[in-house]
Amino acid sequence: MDDSEISSGALTGNDRGIIANGLRLGGNLSFALLASGLFLRVEGHFVSNPRLGNILLNAGLVALLATPVYRILTTMWLYWQAGNRRFAIYCMISLIVVAASSAVGFLVRR
Amino acid sequence: MSLVQFAEVILIAFFAGAYGSMLGVGGGIILVPALIALLQVEPRTAVAASIVSVIATSCAGAVSFVRERYANVELAVLLETTTTAGALIGTLLALRVSGDMVAGLFAVLLIYAAYTVLRPPAAIPARPLESGEIRGAYFDQKIKEEVSYSVVRLRLGIAAGFVAGNVSALLGVGGGIVMVPVMVSRMGVPLRAATATSNFMIGVTAVATAIPYYAFGDVIPALAAPCVIGVLMGARAGSWLAPRTKAAYLRIAFATVLLYTAYAMARRAGLF
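To start, this report covers the structure provided alongside it. (Residues numbered from 1 in each chain as written. Chains lettered and ligands numbered in written order. Predicted model: local features only at pLDDT ≥ 70, side-chain atom pairs only at ≥ 80, totals over all residues. Heavy atoms only, no water.)

Moving on to the overall build of chain B. A tally of regular secondary structure across chain B gives ten helices and two strands. In sequence order, chain B lays out its α and β elements as α-α-α-α-α-β-β-α-α-α-α-α. For 272 residues, the compact-globule formula gives about 19 Å, and the C-alpha radius of gyration of chain B, at 18 Å, lands near that figure. Projected onto its principal axes, the C-alpha coordinates of chain B cover approximately 55 × 40 × 35 Å. A buried classification covers 61% of the 272 residues belonging to chain B. Taking all contacts inside chain B whose residues are at least 6 apart in sequence as the whole, residues at least 24 apart take part in 79%. As presented, chain B carries roughly 10,900 Å² of accessible surface, and 64% of it is formed by carbon and sulfur atoms. The averaged location of the 12 negative side-chain charges in chain B is 6 Å from the averaged location of its 19 positive side-chain charges. (Helix = DSSP H or I, 4+ residues; strand = E, 2+ residues; numbered from the N terminus. Rg over C-alpha atoms; globule rule 2.2 N^0.38 Å. Buried < 20%, exposed > 50% of the residue type's maximum accessible area, 1.4 Å probe, protein only. Contact = heavy atoms within 4.5 Å. Areas by Shrake-Rupley, 256 points an atom, 1.4 Å probe, with all protein chains shown as cover. Lys, Arg positive; Asp, Glu negative; His and termini not counted. Charge placed at Lys NZ, Arg CZ, Asp CG, Glu CD.)

All names here are of chain B. Even without being glycine, Gln40 reaches a positive phi, approximately 55°. Counting through the fold element by element, Gln40 comes out in the loop between helix H2 (28–39) and helix H3 (43–67). Residue class for Gln40 comes out exposed when judged on its relative accessible area of 61%. Positive phi values are uncommon outside glycine, yet Arg69 reaches one of about 65°. Looking at where Arg69 falls in the secondary structure, it is placed in the loop between H3 and helix H4 (73–94).

All names here are of chain B. Burial within helix H7 (residues 176–185) is extensive, with ten of its ten residues counted as buried. Taken together, the buried positions of H7 are Gly176, Ile177, Val178, Met179, Val180, Pro181, Val182, Met183, Val184 and Ser185. On its buried face, H7 is in contact with H2, H4, helix H5 (99–118), helix H6 (154–171) and helix H8 (191–216).

Moving on, we come to the packing of aromatic side chains. Taken as a whole, this structure holds six aromatic pairs over all chains when the rule is applied. Taking 5.8 Å as the distance between ring centres and 85° as the angle between the ring planes, the aromatic pair formed by Phe14(B) and Phe15(B) counts as edge-to-face. For Phe15(B), a relative accessible area of 47% gives the class partly exposed. Through a chain of ring-to-ring contacts, three or more aromatic side chains come together here, namely Tyr79(A), Phe87(A) and Tyr90(A). In this arrangement the basic side chain of Arg44(B) is found over the ring face of Tyr213(B), its NZ or CZ atom lying 5.3 Å from the centre. Here the basic side chain of Arg192(B) rests over the ring of Tyr70(B), its NZ or CZ set 4.4 Å away from the ring centre. (Phe/Tyr/Trp six-rings, centres within 6.5 Å; stacked < 30°, edge-to-face > 60°. Lys NZ or Arg CZ within 6 Å of the ring centre and 35° of its normal.)

Nothing here speaks to function; it is geometry throughout.
Set out below in structure tokens:
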């Protein structure tokens, strides 16, 4: 059974490929940045560079945090393109909550 | 940090990831107490490192789950509306919760996890495909058959999502420990699809917690990075090992570890 037969406005195999590729790219990029940052951060070897290591570690974390956000945006766009407004709105709600949560993080002082 | 310290964290995260993926409970359930008990990491810092690892596990696992149609994207998108809301509330609660209380809550979660490991959720009888608002289908490689299902009791799932998001934000676990049993035993989702859908969702749920934790300064890159690397490698090893290990013995051994860890966490919380 093809996805399109399950319900109208559902994601196609190609749409799923787009989501999967985005997740793989984000996961691999963040893993590479974190691993190289960690390697540079370790003290006592000939290419040890804690400062650059910290920059790469933070870049890796930002890439990792951005991946699910990218996934929500892509899914929202794909549902919108498929004419499935209901699920596009669900994605938008999740995105708004994530944005609100981020705002809490940056605005609330502990 | 020295090489030995990084190696220690990677090793702990590796075992957490391997055990978690073998039993489908996620790495955080072991990683957080292990960081607290073995490396004397502050509970909030351990929770923050774990929640970042949860995102990495979700991204890595979801790639094939989405392609193979095991993950039900529609169901995930619907439930994410409340898991993220629960995570937001959980993050706010976490600001007022002490480290000892986190340890105490973790003890309760570990006892519940031990129970679910020993008594896996029983599936409800299959419903006619027309009965559910959301349907799904995938080709099961094990039984070489197309599996079609209909999702029921969406309101219950939405409510459970809120609880799962809360637990995830407070304790740094994926939330699958709440969602998978509900999806399987109440919503008519087959176990394989429930695990995949939960894995797909937890990345988004976790990011609603991880960004504020990062902004608060609780995510320490030098701790979170080896956790991510270790958990990812462990999860891969666990998924290779799982079909080659006797499930019954594994469950008993794991439940014992969980109960002992619950005792250690309860002691840390001053309950004994």
